[in-house]
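# Inside the fold
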Amino acid sequence: MNVPLYEKIWMWAAGGIIAAFIAIVLVTGVGGALQPPSHVETIDPTQVFKDPRFAHPAVTVDANGATVVAFGMMYGFTPAEIRVPAGKRVTFRMTSTDVTHGFLIVGTNANTMLVPGYVSQFTTVFQRPGEYLIVCNEYCGLGHHLMSAKLIVEEAKP
Ligand code: CUA
């Protein structure tokens with residue numbers, strides 16, 4: 001079959017774009033260590049404050065790392081300031097008391113949805129000490145843009 005040069009150029013260009021898309025998915029997914037959620041745990045969203053799992057939102061630090069219990073509600077996170085040790089495994093356990101919120105720690109691979117009725121759980125390690133911004137990245141209402149918190153990664157004590 002005799003394909004004109006011009007057609008050939010566009011065929012290769014289209015193929016190149018597809019290859020670029022696949023490369024972007026692989027680089028961001030594998031390189032950024034993105035993982036699909038694997039933890040399924042339910043909770044009554046109207047009883048979050050009374051539920052023993054979430055009655056005392058706080059950070060618990062032990063020899064193995066830290067566990068963060070937190071929740072999102074219009075329009076903030078509790079606790080609003082989270083302190084965790086650097087270089088240790090940190091497990092987040094979170095939920096929402098009202099609508100779906102997002103939980104993104106800017107500059108890290110920590111990013112999950114807080115869906116009412118479910119407990120979102122993931123474990124990550126923060127290597128670099130410092131202050132990180134936590135934002136809600138799911139539109140949740142008029143105060144969505146005000147919904148933020150702070151993560152402080154502290155240098156591990158020798
Ligand atoms: Cu909470 Cu947007």
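Just so we're clear, the structure is a prediction, and the values are computed from it rather than from any experiment.

The next subject is the pairing of strand β7 (residues 111-114). Every regular strand shows the same layout, with side chains that alternate between the two sheet faces. Taking every second residue as pointing to the same face, the buried face of β7 carries Thr112 and Leu114, while none of Asn111 and Met113 on the other face is buried. With four bridges joining them, strand β6 (residues 101-105) and β7 adopt antiparallel strand pairing. Bridge pairing in β7 places Phe103 opposite Thr112. Two successive antiparallel strands, β6 and β7, enclose a turn made up of five residues, where Gly107 displays a positive phi of approximately 90 degrees.

What follows is about the pattern of salt bridges. Oppositely charged side chains can pair when the atoms bearing their charge come close. Going through the model one piece at a time under the given rule, you end up with six salt bridges. Across the pair Glu41 and Arg93 runs a salt bridge whose closest N-O atoms are separated by 2.9 Å. Note that Glu41 is positioned in the loop between α1 (5-31) and β1 (59-62) and Arg93 in strand β5 (residues 89-96), a separation of 52 residues in sequence. The exposure class of Arg93 is buried, given its relative accessible area of 16%.

Judged by side-chain polarity, Met74, Tyr75, Tyr139, Leu142 and Leu146 come together as a nonpolar surface patch covering roughly 600 Å² of accessible area. Position of Met74 relative to the elements: it lies in the loop between β2 (65-73) and β3 (76-78). Residue classification places Met74 among the partly exposed positions, given a relative accessible area of 38%.

Next up on the list: the pairing of strand β9 (residues 130-135). As judged from the two bridges shared by β6 and β9, these two strands associate in the antiparallel manner. Its bridge partner being in β9, Ile105 is matched across the sheet by Ile134. When β9 meets strand β10 (residues 148-154), the two strands line up antiparallel, connected through six bridges. Within the sheet, the bridge partner assigned to Glu131 lies in β10 and is Ile152.

Now for the packing of aromatic side chains. Here a ring pair, both rings aromatic, is described through the centre-centre distance and the interplanar angle of the planes. Across all of its chains, the model carries six aromatic pairs by this definition. Relative to Phe71, the ring of Phe49 lies with its centre 5.4 Å away and its plane at 85 degrees, an arrangement referred to as edge-to-face. You can see Phe49 sitting in the loop between α1 and β1 and its partner Phe71 sitting in strand β2, a full 22 residues away along the chain. The class of Phe49 is partly exposed, set by a relative accessible area of 49%. Look at Phe92 and Phe126: their rings are 6.1 Å apart centre to centre, the planes differ by 85 degrees, and that puts the pair in the edge-to-face class. Residue Phe92 is located in strand β5, and its partner Phe126 is located in the loop between β8 (120-125) and β9; the two are separated by 34 residues in the primary sequence. Of the two residues examined, Phe92 and Phe126, each falls in the buried class. These aromatic residues form a ring-pair network of at least three members: Phe77, Phe92, Phe103, Phe122, Phe126 and Tyr132.

Parameters at a glance
Residues numbered from 1 in each chain as written. Predicted model: local features only at pLDDT ≥ 70, side-chain atom pairs only at ≥ 80, totals over all residues. Heavy atoms only, no water. Buried < 20%, exposed > 50% of the residue type's maximum accessible area, 1.4 Å probe, protein only. Helix = DSSP H or I, 4+ residues; strand = E, 2+ residues; numbered from the N terminus. Pairing = 2+ DSSP bridges. Salt bridge = Lys/Arg side-chain N within 4 Å of Asp/Glu carboxyl O. Patch = residues over 30% accessible without salt bridge, like charges linked within 9 Å, V, L, I, M, F, W, Y side chains within 5 Å. Areas by Shrake-Rupley, 256 points an atom, 1.4 Å probe, with all protein chains shown as cover. Phe/Tyr/Trp six-rings, centres within 6.5 Å; stacked < 30°, edge-to-face > 60°.

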